[in-house]
Amino acid sequence: MLTLGVNIDHTATIRQARRTVEPDPIAAAVLAELAGADGITVHLREDRRHIQDRDVRLLRQTVRTHLNLEMAPTEEMIAIALDIKPDYVTLVPERREEVTTEGGIDVSGNLDRFSEVVARLQGGGIPVSWFIDAEPNQIQAASKTEARFIELHTGKYADAKSETEREKQLEVLRSGCEMANFWGLRINAGHGLTYWNVYPVACLPGMEELNIGHTIISRAVLVGMERAVREMKLAMKGEL
Ligand code: PXP
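Before going into details, it helps to say that this report is about the structure given with it. Throughout this description, residue numbers start from 1 for each chain and increase along the sequence as written. It should be noted that, the model being predicted, local features are given only for residues of pLDDT at least 70 and side-chain atom pairs only at 80 or more, the latter also being counted only at that level, while totals for whole chains, interfaces and linings use all residues. The side-chain values count all of the structure's non-hydrogen atoms but skip hydrogen atoms and water molecules.

Secondary structure is summarised from DSSP: a helix means a run of H or I of at least four residues, a strand means a run of E of at least two, and numbering begins at the N terminus for each. Scanning the protein from N- to C-terminus turns up 11 helices and 8 strands. Type-normalised accessible area, obtained with a 1.4 Å probe on protein chains alone, sets the label of each residue: buried when under 20%, exposed when over 50%, and partly exposed for intermediate values. Counting only residues that meet the buried cut, the protein has 51% of its 240 residues in that class. Residue contacts follow a heavy-atom distance rule, with two residues in contact if any of their heavy atoms lie within 4.5 Å. Expressed as a percentage of contacts within the protein between residues at least 6 apart in sequence, the contacts between residues at least 24 apart total 67%. Areas reported here follow the Shrake-Rupley algorithm with a probe of radius 1.4 Å; residue values treat only the protein chains shown as occluding. Per element, the accessible surface of the protein, about 10900 Å² overall, is 53% carbon and sulfur. The convention is simple: Lys and Arg are positive, Asp and Glu are negative, and His and the chain ends are not counted. By convention, the point assigned to a charge is CZ for Arg, NZ for Lys, CD for Glu and CG for Asp. Each charge class in the protein can be summarised by its mean position, and for the 28 positive and 36 negative side chains these summaries are 3 Å apart.

Quick look at the pattern of salt bridges now. The rule for a salt bridge is simple: a side-chain nitrogen of Lys or Arg has to be within 4 Å of a carboxyl oxygen of Asp or Glu. A complete count under the given rule lists 16 salt bridges for this structure. With its nearest N and O atoms 2.9 Å apart, the salt bridge here joins arginine 54 to aspartate 24. Of this pair, arginine 54 sits in helix α3 (residues 53-62) while aspartate 24 sits in the loop between α1 (9-18) and α2 (25-34), and the two are 30 residues apart along the sequence. Among the residues examined, arginine 54 registers a relative accessible area of 39% and is labelled partly exposed. Look at aspartate 24 and you get partly exposed, because its relative accessible area is 24%. With a closest N to O distance of 2.8 Å, arginine 227 and glutamate 231 form a salt bridge. With arginine 227 and glutamate 231 both in helix α11 (residues 225-236) and 4 residues apart, the pair spans about one turn of that helix.

Moving on, we come to the packing of aromatic side chains. For Phe, Tyr and Trp, rings pair up if their centres lie within 6.5 Å, where Trp contributes its six-membered ring, and each pair is then called stacked (planes under 30 degrees apart), edge-to-face (over 60) or tilted (otherwise). In total, this model carries 4 aromatic pairs according to the counting rule given. Between phenylalanine 114 and tryptophan 130, the ring centres sit 4.7 Å apart and the planes meet at 20 degrees, which makes this aromatic pair stacked. Of this pair, phenylalanine 114 sits in helix α5 (residues 111-123) while tryptophan 130 is found in strand β5 (residues 128-132), placing the two residues 16 residues apart along the sequence. As far as the burial class goes, phenylalanine 114 and tryptophan 130 line up, both buried.

A few words now on the site of the ligand. Proximity is defined per residue: any heavy atom of the residue falling within 4 Å of a molecule or strand makes that residue near it. Near the ligand lie 13 residues; those nearest to it are Glu70, Glu151, Gly192, Gly213 and His214. Distance and chemistry together define a polar contact, namely a pair of N or O atoms within 3.5 Å, with one atom able to donate a hydrogen and the other to accept it when in protein, and with adjacent residues in sequence counting only for side-chain atoms on both sides. A distance of 2.8 Å separates an oxygen atom of the ligand from a polar atom in the backbone of glycine 213. Histidine 214 places a polar main-chain atom, nitrogen or oxygen, 2.9 Å from an oxygen atom of the ligand. Here the ligand has 390 Å² of accessible area as a free molecule, and 93% of this is covered by the chains. When its residues are assigned to classes, the shell around the ligand shows 3 nonpolar, 7 polar and 3 charged. Put simply, Ala, Val, Leu, Ile, Met, Phe, Trp, Tyr, Cys and Pro go in the nonpolar bin, Asp, Glu, Lys and Arg in the charged bin, and everything else, Gly too, in the polar bin.

Turning to the nonpolar core, a few remarks are in order. Nonpolar cores are built from buried Ala, Val, Leu, Ile, Met, Phe, Trp, Tyr and Cys residues. Side-chain atoms within 4.5 Å join them into one set. Formed by 71 residues in total, the largest nonpolar core has its most connected members in Leu121, Trp130, Val201, Leu210 and Ile216. Ignoring sequence-local partners within four residues, the contact set of valine 201 consists of Thr154, Tyr157, Leu170, Leu173, Ala189, Leu193, Met207 and Leu210.

Moving on to the sheet that holds strand β3 (residues 67-71). Two pairing modes exist for strands in a sheet, parallel and antiparallel, and in both the strands are linked by backbone hydrogen bonds. By the convention used here, strands pair only if DSSP detects at least 2 bridges between them. Strands sit in the order β1-β2-β3-β4-β5-β6-β7-β8 around a closed barrel of 8 strands; the barrel is parallel. Along the sheet, successive strands turn relative to each other by an average axial angle of 25 degrees, direction set aside. Direction of pairing for strand β2 (residues 39-43) relative to β3: parallel, over a ladder of 4 bridges. Of the residues in β3, the one forming a bridge with valine 42 is leucine 69. Every axis in this analysis is a line fitted to C-alpha atoms, fitted for helices over the stretch in contact. Angles between the N-to-C directions lie between 0 and 180 degrees. Packing against the sheet, α5 makes contact with β3, β4 (88-91) and β5, and its axis sits at approximately 145 degrees to β5. Together, β6 (149-153), β7 (186-190) and β8 (207-212) form the strand contacts of helix α8 (residues 163-182), whose direction differs from that of β6 by roughly 170 degrees.

Moving on: the pairing of strand β1 (residues 3-7). The element β1 is extensively covered by neighbouring structure, given that 5 of its 5 residues are classed as buried. Residue alternation in β1 divides its side chains into two sets, Thr3, Gly5 and Asn7 and Leu4 and Val6, and both sets are buried. In this structure, β1 lies alongside β2, joined through 3 bridges in parallel fashion. Bridge pairing in β2 links valine 6 to isoleucine 40.

And the structure:
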């Protein structure tokens, strides 16, 4: 069954805009779960621009579904993950100056180091997912690291300016899924997915979880978190 991981980073973005205590991402996670979220996702960035260490620690105690911690594969983050023990981690590239994660991580160019990172995290009981572009060399490399999951970067599909380009990017994702299925990797996807473009991605073969943030929080600001999450679950089934 396809599941929805709600990325609540941007509730923390609003809080950090004033360096205050509201809105609290912990409350956002509770409401998202009540509305049917299957998982909660947060990205603890090196610069702590939105989610804070305190959020991840509290979410570990309060999340009733599963907690996916997005992080860069740095020593600092590996130590935090091994301490807090999220249900799984998604390893992402990170550049301080970027507005959001801009591309997939280069697993194939860092195979030895990244295999060691996977061994440490999975050895500590935390399944690993690599956030990668749907490129054959990256998918094969992810499999070589023995990570359990990949998360296919859907940014190019989401940003496509024409129907032809969108179809082309969807086919790239479809081939990526077929290859990941062949290599025995479990498949998640995310980035740039919206109420309007999510359904074709939800239908890709072997897709397990979609991690979606910006569009849900944007709608939640206007209509409330519970309605925003319920509507995304409908959109994923093509019923919105
Ligand atoms: N997956 C990953 C790995 C991400 O870095 C992000 C953005 O934080 C998302 C999914 C969610 O993307 P969006 O906010 O565009 O839905």
